[in-house]
Every structure is written in structure tokens, then in C-alpha cells.
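# Topology and contacts: notes
Residues per chain are reported as follows:
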Amino acid sequence: MSEPRTLFQKVWDAHVVHAMPRGPALLYIDLHLVHEVTSPQAFEGLRLAGRQVRRPERTLATVDHNVPTGDRHLPIADPVAAQQVRTLTSNARAFGLPLFDLDSPDQGIVHVIGPELGATQPGMTIVCGDSHTSTHGAFGALAFGIGTSEVEHVLATQCLMQQRPRTMEVRFEGTLPGGVTAKDMVLALIGRIGTAGASGHVLEYRGSAIQRLSMEGRMTVCNMSIEAGARAGLIAPDDTTFGYLEGRARAPKGAEWDAAVERWRGLATDAGAVFDRSITIDVSSLAPQVTWGTNPGMVGDISGRVPVPAEGDSADARGALERALHYMGLEPGAPLAGLKVDRVFIGSCTNARLEDLRAAASVVRGRKVSHGVRAMVVPGSQRVKHAAEAEGLDEVFIEAGFEWRNSGCSMCLGMNDDVLGSGERCASTSNRNFEGRQGKGGRTHLMSPVMAAAAAVFGHLVDVRQMVRESDEPGRGDDMVRGSERTTVSAGR
Amino acid sequence: MQPFTVHTGIAAVLPRVNVDTDQIIPKQFLKRIERTGFGKHLFHDWRYLPDGSPNPGFELNAPQAAGASILVAGPNFGCGSSREHAPWALADYGFRAVIAPSFADIFYNNCCQNGLLAVRLEDAAVRALFALGERGEPFELTVDLRINRVTGPAGFRAGFDMDPYRRQMLLEGLDEIGQTLRQELRIAAYERRMEALGRLV
């Protein structure tokens, strides 16, 4: 192996079972995550063809998308959702798959519990019938979303036919200013290259600003790779990665751990390896980002203004802008700061890990949710929830007037009862601001946890850096500055 | 899987960019455990008014789009969620092919798995089809995968590329899982090799 290779190439090469001449490769899948919404038809397909699950122990199932986040002791009120949850339970039983159901202390959003359990490891191939599978790339795994037919394919064969994607290097250099976080980094990237900017590519995030991020921050960045159209987004594993993984339930132990770490260190992109494309973003002057439109590429600085459609550079762009502003109920040229919000959602596979809740709590502590705003926190997993409660974060949120709920995807996509009403405007830490995503007619503004928390307190979009500056209590600003920088995390051990 | 060789049908134009899978099939319809029955919910929030009646302003409800089996849309069609319910809904509605300058990767793969042909045409060719749509008259297109070509009225003619593997799968309507299962010896050998290296636990 004299040719220098990228992290992606190393993981890809190690999983090729068979390369078709001039065609796709048959790729081995190390870990298959399964949830209730995109799997029932796959299991049905297996049954109809009389097929088994090839490697049940390489599969991990949980319920997250349509589960209620209220009282876990009550039955699921929606009969269709209840049936989907029951179907996963019976499929997991019939095919012998490990399942983390609603009663499990390990239940949570599939992309939160994989890392938490130590099931997500460097160098792996990981798939799930969910586009945000890219989250797991934070560990140096090649992780990507697939459809239900491919879910069935992996269940039956533990393999997938895949065309090799191209590679793109995304360098984040510099030091994040206070109040600016991993979420702002990835939103700025999507704003720069657009929602199809990385189609057909696997991203590798590199540079000093990435190295300084905690695993939580790295997961936030990789999570939204799909919003730039990328197949996946990876970060080379390092001591931060190993520190997060060591001791977790499914991580290797003892001599196996040492051997694994040595192997994982070799995954980093070789000097001289070539990417098909490259982009560099300096984060030192980055402002908190907030979306104003109906896709994650429609984003800008909180200090900025709603764009003016007439200034769009093509008829298509002008049309799309007009549609978006009409849906969002926004006036061209209006300042983003000051836009009144009705709802605040802190949750989702993007931003509902312990560190995200800590950051949001640091803004909320000692303050109240603005009158007329309904705000909720939905932890990413039951483990995150319990770890947050052990630190008293639940009390901080509840005293401020937030709802403190059980884990699930919740209002990120509104498959359960957590939805926006028509015309309601929401400050959300989730990943998609598509029309109707959080509820028909709902208007979503994506932002970081500290920005969403600040919006809850003020009742409108606000530059969280203003709170850092105005904070008269020592320490509070520091907590926020730390945002997604490296912190010691005890959840999930 | 239903093979795709050649199809002629009425085209509906949807001159919008970045049509995401949340629009194609909104989340409230993802709770079904079957592959069928999604067609009536296709583009639900655009297609119906709040009282449930058809929205006359939506492209697919235009009289010239009645009975359409080929959809023509703007770039980055199918972005967002991986939900295969999107191609299921398009196929269940009656579409056999979708034409756009570009598609999101997961959506494109999902179409291939369902015999729904996703055709990438040059931007200029798609604009020419939008212009045909603006005339307000129904028009037919022929999509021929055997010769990778789309033809239509007023001498419209455009070629397209598709990777040979995908193309063959679609032309023959092959069961991809069945194909992979034929590689069983190779898969088992890979697993033994990795186990020997201590990589599979």
C-alpha cells in the first residue's frame, strides 16, 4: 500500500467483498441500525422470500421516530403508530435481533444510542434506513442512510452493492468565537455549498477547529452532512474519539482495546492523499447561524437580514426565494434578530446529547421562558435524560418553564404528537426546515442549542453572543463559550 | 422488480428546485407497514387544500397533467429523508419515470430498487420540457432505457447516462438481493478473513 489514501478510501477498501469490473462494489456492513418506520416492509420482504437475517448480532433495533415523549406508562394513543412499534418488536423477536424498546433504559434516537453504547466504532461500515446515519462518521466510520429495499438487502446478506462515491475535504480552521458552536460550523458550510453541494461525495472534516471539537460537536457536524447532499461525512479518530469510546458497553476491552486503538490510529488520511474537491472555512469570524428559508442552505448570520428575492441571480433562485419567504411569512430585508417565535424545540439526533443540554441550560439557568412561548426539551436518549437529571439540568429547564420530556425524534419530524400548528414559528435545534417538516404550515428556524435557548428566554430570535457579553454573573459566559468544545462526558458508561 | 425497457406516457411538469421527500410524502403517512397505498398521499400538502379538496394551483392537478406517468422536475429532486415511501408513492400514483437535471443520492438508489426510472437530463433539455408544459396542453414523452433516450413533441430528443450495472438491473427487473446471495462464498470468505484478523466480534 504505497499509494497515500484518505480515511474514506481505507475504510472502503477494507470492506470490499467483491468489486465488479467497472461497476459497483459489494460492500460488507459491520453494523446495521434499525428503527420502526423504515423497516416493516423490509422484514415483510424477507418473509415473502423465505429469507433469514444473516447476522442478527450485527444489527441493533430501537423505536424512536413515532414514539410519544410524554408518559411512558400510557399506551401509544395513535393506533397506527402503535402498530408500527409493535411490528418492530415482533420482527426483532422473530428474527432474533437485539431491541431497545420503550421500556429499555437504553432506548433513544438510533444515532444517539449507537455511539452511547460503544456500538459505533472507528473504521466500521454502518448503515440505517435513515439519512442522518452520517452522524456516526464522527468516529471515523463510513456511515450512510439507505432506503427500505437496501435495509432488506443488508438484513439478508450483511452486504450492499455500492458505487464508490467521490471525496471532498472540508477544512475548518481557526478558533470558534464564544457563543458559536459546531452547529454553526455545519450550517455555514451548507449555506456556502448548498443542499446539493456535496451530492455524490463523501466528506472528510479536518482542520484545527474540528480537532478541538468534542465527540458531541463532531457528531453534530457529521449529522448534517446529508443536508449538503453528501453520502457521508467522516472525521479521523483521535484521542478525543478513544477517550469517548473507552469503557462503553460494546467497545473492545483489555488487550483487544489496545489492539483496536493501534489499528484505528492508522485510519487517518495519509499525507499526500488526494481529494476530488476541497473547501476551507475559517471559523474565527463565524457568527451564530440561523435559517430563514425552507431548506438548510437558506441560512445566514443572526446579525443579517432576510434576503430580497429580486436580488436573486437567476429566475429559479428568485422563484425559490419568493416561495420560501411566502411560506415562512417573512418580509424581504427584515432583520433576523427580533423575529418572534411561538415554540422552541431542543432535541433531535443533531443536538440532543448531554453537552447540548448543558449548553442550553447554561443560557436558561435562572431565567424564564418568555410569556406565550411553548418550549420543550427532548433528550436524545433515556441515558442522556438520566445523566442530565443527575446534574440537575431537568430542574433548570423546568423552573424556566420548559417541558422536560422522554427521548425520541419528536418534533424534528413531528411523527408523534409533538407538532407545530399552522403558522407557528419555531426556534429548533433539529436539522431540517422543509415546508411542513415539524407540522403542516409550521415555520422552522434551525440554530444551535444556545441560540434556541436564548430565543426561548427572549421570545424572539436573538444573538446569543449578546447574552455572553451582558452576563453579569461570572462563569455563565464561560459555560456558553465552551459550547461544543471538549468536555468530560459521563453519559452512557 | 418490474423491469423498465421503454415507456410512453403523459408528462407532468413540476418546475421547482430541491423538491424534498418531506413534500413527496409527508411524515404523517409513514406509519403504514405496507409498500402500497401511498399514491393518494403523494405531494399531500401541496396537492390538497386544508378542506381536503384538490388545490387547483398545484401542477399535478392541472387538467393537462391528468393520467401523467412521467414527472419532470427541477434539480436535486428527492433531497432530504431516506424514506423509500417517496418512490413508492410516485409509483403508486402511476409514475414510471422521473426526469430531472439531478437527484439526491439516496432517492436515486431507492428509485432503482423499485423499477421507477430516474432520468438525469441536461439542464437545457429539462428547461425545454418545462417550456412544453407551459403551453397548457397534454404532451407525451417516450423514455427508452434500451437506447438511453427521451423523445417527445416538437422534435424533442435527449440522451442520458446511467451506470451499466443499474441499467442492467432495471432492464431485466432483477432481484438485487438474489444477485448478492449468489456471492455467498465470497461473503463467507470475507467474514472468515476478518475474524482471523480479530475484526469481527
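Refer to the preceding data block for the structure.
### A word on the overall build of chain A
Along chain A, the regular secondary structure elements total 17 helices and 19 strands. Relative to a compact globule of 493 residues, whose C-alpha radius of gyration would be 23 Å, chain A shows 22 Å and is just as compact. Overall, the C-alpha framework of chain A stretches about 55 × 55 × 50 Å when taken along its three principal axes. Considering chain A as a whole, with its 493 residues, one finds that 66% of them fall into the buried category. Partitioning the contacts of chain A with sequence separation of at least 6, the portion at a separation of at least 24 is 77%.

### Digging into the state of the cysteines
As enumerated under the stated definition, the model contains zero disulfides over all chains in all. Its sulfur unpaired, Cys159(A) is 18 Å from the next cysteine sulfur, which belongs to Cys128(A). There is no disulfide at Cys111(B), and the cysteine sulfur nearest it, in Cys112(B), is 6.9 Å away.

### Here we look at the interface of chain A and chain B
With 67 residues of chain A at the contact, the number on the chain B side is 54 residues. The junction of chain A with chain B conceals about 5,100 Å² of combined surface from both sides, 50% of it contributed by carbon and sulfur atoms. Counting the contacts that link chain A with chain B gives nine salt bridges. Among the ionic pairs, Arg127(B) bridges to Asp316(A), the shortest N-O distance being 2.9 Å. For the interface between chain A and chain B, the tally reads 32 residue pairs in polar contact (both at pLDDT 80 or more). Within the residue set of the side of chain A that touches chain B, elements represented by two or more residues are β1 (16-19), β2 (25-28), α2 (40-49), α3 (79-95), α5 (148-157), β8 (159-162) and α11 (315-328) of chain A.

### What to know about the environment of Thr89(A)
All names here are of chain A. Its location among the elements puts Thr 89 in helix α3. You can call Thr 89 partly exposed: its relative accessible area is 22%. Taking the C-alpha atoms as reference, Thr 89 lies 34 Å from Ser 422; in sequence the two are 333 residues apart.

### Things to note about the sheet that holds strand β6 (residues 125-128) of chain A
Residue and element names in this part refer to chain A. Across the sheet, five strands lie side by side as β5-β4-β3-β6-β7; this open sheet has parallel pairing. The sheet terminates laterally at β5 (99-100) and β7 (142-145), the two strands that pair on one side only. Direction of pairing for strand β3 (residues 31-34) relative to β6: parallel, over a ladder of three bridges. Considered in β6, the bridge of His 32 is made with Val 127.

### Thoughts on the sheet that holds strand β19 (residues 443-446) of chain A
Residue and element names in this part refer to chain A. Spatial ordering of the open sheet is given by β17-β16-β15-β18-β19, a layout of five strands whose pairing is parallel. Unpaired on one side and paired on the other, β17 (403-404) and β19 mark the two borders of the sheet. Across two bridges, strand β16 (residues 374-377) lies against β17 in parallel orientation. Across the sheet, Val 377 pairs through a bridge with Trp 404, a residue of β17.

### Some details on the packing of aromatic side chains
All names here are of chain A. Counted under the stated rule, the structure contains 18 aromatic pairs over all chains. Ring plane angle 75° and centroid distance 5.2 Å describe the contact between Phe 397 and Phe 402, whose orientation is recorded as edge-to-face. For the pair formed by Phe 397 and Phe 402, the shared burial category is buried. It is Arg 248 that lies over the ring of Tyr 244; its NZ or CZ is 3.8 Å from the centre.

### Brief notes about the nonpolar core
Counting residues in hydrophobic clusters, the biggest one holds 114 residues, and the most contacted among them are Phe402(A), Phe43(B), Phe77(B), Leu90(B), Ile99(B) and Leu121(B). Not counting chain neighbours up to four residues away, the residues in contact with Phe402(A) comprise Val344(A), Ile346(A), Val364(A), Val369(A), Ala375(A), Met376(A), Val377(A), Phe397(A) and Ala456(A). The next biggest cluster of nonpolar side chains, apart from the first, holds 81 residues, and it includes Val170(A), Leu213(A), Cys222(A) and Met224(A).

### Topic: the environment of Met376(A)
All names here are of chain A. Tracing the chain through its elements places Met 376 in strand β16. Take Met 376: its relative accessible area is 1%, and that puts it in the buried class. If we ignore the near neighbours within four places in the chain, the residues touching Met 376 are Arg 343, Val 344, Phe 345, Ile 346, Phe 402, Glu 403, Arg 405, Ser 410 and Asp 418.

### Digging into helix α13 (residues 382-390) of chain A
Residues and elements named next belong to chain A. What α13 keeps buried is the set Gln 382, Val 384, Lys 385, Ala 387 and Ala 388. The backbone nitrogen of Arg 383 has a side-chain oxygen 3.3 Å away, supplied by the residue at the start of α13, namely Ser 381. Positive backbone phi, at 80°, marks Gly 392, one or two positions downstream of α13.

The rules behind each value
- Residues numbered from 1 in each chain as written.
- Chains lettered and ligands numbered in written order.
- Predicted model: local features only at pLDDT ≥ 70, side-chain atom pairs only at ≥ 80, totals over all residues.
- Heavy atoms only, no water.
- Helix = DSSP H or I, 4+ residues; strand = E, 2+ residues; numbered from the N terminus.
- Rg over C-alpha atoms; globule rule 2.2 N^0.38 Å.
- Buried < 20%, exposed > 50% of the residue type's maximum accessible area, 1.4 Å probe, protein only.
- Contact = heavy atoms within 4.5 Å.
- Disulfide = S-S within 2.5 Å.
- Buried area = accessible area lost by both parts, 1.4 Å probe.
- Salt bridge = Lys/Arg side-chain N within 4 Å of Asp/Glu carboxyl O.
- Polar contact = N/O pair within 3.5 Å; in protein donor to acceptor, adjacent residues only side chain to side chain.
- Pairing = 2+ DSSP bridges.
- Phe/Tyr/Trp six-rings, centres within 6.5 Å; stacked < 30°, edge-to-face > 60°.
- Lys NZ or Arg CZ within 6 Å of the ring centre and 35° of its normal.
- Core = buried A, V, L, I, M, F, W, Y, C linked by side-chain atoms within 4.5 Å.

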